[in-house]
Amino acid sequence: MQATLKHQICFAGAGLHSGVQVQLAILPAPADHGIVFRRTDLDGQPLIPALWDRVTPSKLCTLLDNGAGATISTVEHVMAALAGTGIHNALIEVDGPEVPILDGSSAPFVAGIIEAGIQIQAAPLRAIRVLRPVELREGEAWARLVPGDHLEIDFAIDFTDAAIGHQELHLDMANGAFLRELADSRTFCRASDVEAMRKAGLALGGTYLNAVVVDGARVLSPGGLRHRDEAVRHKMLDAVGDLALAGAPLLAGYQANRAGHAMTNRLLRALFADPTAWRWEECTPSLEGRLPGAGVAAYGPDAGLVRTMHVAAE
């Protein structure tokens, strides 16, 4: 069945790239509403649907455009949190141009969703089943979607900095795996790239407290890494958020090497451009039990997982 939040939840903080202080609220929404952003700071408070065909090219983040001049950027972490907790309907109000970065991961959003509570709705849930492989390649970077009974992710990255190096990981995203394995993994960058990003008007809100910054073999952020392979886990977190823009859970495997936001979106565009590559499928109870958010509604605010996320987010 579809799900939304029981209660509104609020967050505040700076945008990673804009540096602008913003407030964000996630509100319950009716069945079949989907995930929609509302820019409360703009005239008319325009709506921006969180869908793959609303993505516009941007650097180092996912940016949505409603086609009438309203945009919202860096949506991937909150979208991953919603997908990972099985929230299908929500209205997200933001009073600025960018989602707040918080601690650089999805953990604060997940903890807030669990504390607000998850409301199961009296409406069937449909998923998108991938029927045949769809692949994109650009130099050494590639990404593909392959048929599967639930979402599985294989991701590999390579960086010259020894603190990251080569990392690869496979995860079955069924039944709360996002919360356990990916949600607290933070965005990362190399110290050598910071000055160039800021000259380009990016990372203006970045700090050692909301990003993992590495310099060669050193991790400069206080406290070091949350996971030995935190970098590839964060890339997988981003992929969960970007794939959520499909508008429904994917029954597929996502495999990628050195891929980023733009490639994942182009992959979704390639999928939906071919009507023989996918179909809608109503979720049966057994199928629903294999989705990323399955069982999460039973988690309470006193769960050890949520307490751990609060500690990680501070």
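Summarised in this report is the structure supplied together with it.

**Here we look at the packing of aromatic side chains**
Alright, step 1. Summed over all chains, the structure comprises six aromatic pairs.
Alright, step 2. Centre to centre, the rings of Phe 11 and Phe 109 are 4.9 Å apart; their planes meet at 65°, and the pair counts as edge-to-face. Linking Phe 11 in strand S2 (residues 9–14) with Phe 109 in helix H2 (residues 107–116), this pair joins segments that are 98 residues apart in sequence. The residues Phe 11 and Phe 109 share a single accessibility class, namely buried.
Alright, step 3. Ring geometry for Phe 155 and Tyr 254: centres 6.3 Å apart, planes at 45°, overall tilted. Of this pair, Phe 155 sits in strand S14 (residues 152–158) while Tyr 254 is found in strand S19 (residues 250–257), placing the two residues 99 residues apart along the sequence. Each member of the pair Phe 155 and Tyr 254 is classed as buried.
Alright, step 4. Three or more aromatic residues joined by ring pairs form one cluster here, namely Trp 52, Phe 272, Trp 278 and Trp 280.
Alright, step 5. Positioned over the ring face of Trp 280 is Arg 126, at 4.1 Å from the centre of the ring.

**Topic: the sheet that holds strand S17 (residues 212–215)**
Alright, step 1. Taken in spatial order, the three strands make up an open sheet running S16-S17-S18, and their pairing is mixed. Of all the strands in the sheet, the pair left with one neighbour each is strand S16 (188–190) and strand S18 (218–219).
Alright, step 2. Across three bridges, S16 lies against S17 in parallel orientation. Each residue of the ladder has a partner; that of Cys 189, found in S17, is Val 213.
Alright, step 3. This element, helix H4 (residues 191–199), spans S16 and S17 of the sheet and lies at about 95° to S16.

**Re helix H1 (residues 76–84)**
Alright, step 1. Counted residue by residue, H1 has eight buried out of nine residues, so it is predominantly covered.
Alright, step 2. Two residues or fewer past H1, Gly 86 is found with a positive phi of approximately 75°.

**Looking at the pairing of strand S3 (residues 21–28)**
Alright, step 1. Relative to S3, S2 runs antiparallel, the two sharing six bridges. In the strand pairing of S3, Ala 14 is matched with Gln 21.
Alright, step 2. Linking two consecutive strands that pair antiparallel, namely S2 and S3, is a turn of six residues; a positive phi of about 75° is found at Gly 19 within it.

**Describing the environment of Leu 145**
Alright, step 1. Mapped onto the elements, Leu 145 comes out in strand S13 (residues 141–147).
Alright, step 2. When the C-alpha atoms of Leu 145 and Ala 252 are compared, they prove to be 6.3 Å apart, with 107 residues separating the residues in sequence.
Alright, step 3. If near-sequence neighbours (up to four positions away) are discounted, Leu 145 is found in contact with Val 130, Arg 132, Pro 133, Val 134, Leu 243, Ala 252, Gly 253, Tyr 254, Leu 267, Leu 268 and Leu 271.

**Describing the packing of H1 against helix H5 (residues 230–243)**
Alright, step 1. At a minimum axis distance of 7 Å, the contact between H1 and H5 shows a crossing angle of 75°. It follows from the interaxial angle that H1 and H5 lie roughly perpendicular. Counting all contacts with H1, which are made through Glu 76, His 77, Met 79, Ala 80 and Ala 83, the residues of H5 involved are His 234, Leu 237, Asp 238, Val 240, Gly 241 and Asp 242.
Alright, step 2. Here the residues of the contact of H1 with H5 are counted per class, giving five nonpolar, three polar and three charged.

**Quick look at the pairing of S19**
Alright, step 1. In terms of burial, S19 is a largely internal element, seven of the eight residues being buried.
Alright, step 2. Examined bridge by bridge, S13 and S19 share six bridges and lie antiparallel to one another. Note that in S19 the partner of Pro 147 across the bridge is Ala 252.
Alright, step 3. Bridging between S14 and S19 involves five bridges; their strand directions are parallel. Pairing of Ala 156 across the sheet is with Asn 257, part of S19.

Calculation rules
- Residues numbered from 1 in each chain as written.
- Predicted model: local features only at pLDDT ≥ 70, side-chain atom pairs only at ≥ 80, totals over all residues.
- Heavy atoms only, no water.
- Phe/Tyr/Trp six-rings, centres within 6.5 Å; stacked < 30°, edge-to-face > 60°.
- Helix = DSSP H or I, 4+ residues; strand = E, 2+ residues; numbered from the N terminus.
- Buried < 20%, exposed > 50% of the residue type's maximum accessible area, 1.4 Å probe, protein only.
- Lys NZ or Arg CZ within 6 Å of the ring centre and 35° of its normal.
- Pairing = 2+ DSSP bridges.
- Contact = heavy atoms within 4.5 Å.
- Axes fitted to C-alpha atoms, helices over the stretch in contact; angles between N-to-C directions.
- Parallel < 35°, antiparallel > 145°, perpendicular 65-115°, else oblique.
- Nonpolar A, V, L, I, M, F, W, Y, C, P; charged D, E, K, R; others polar.

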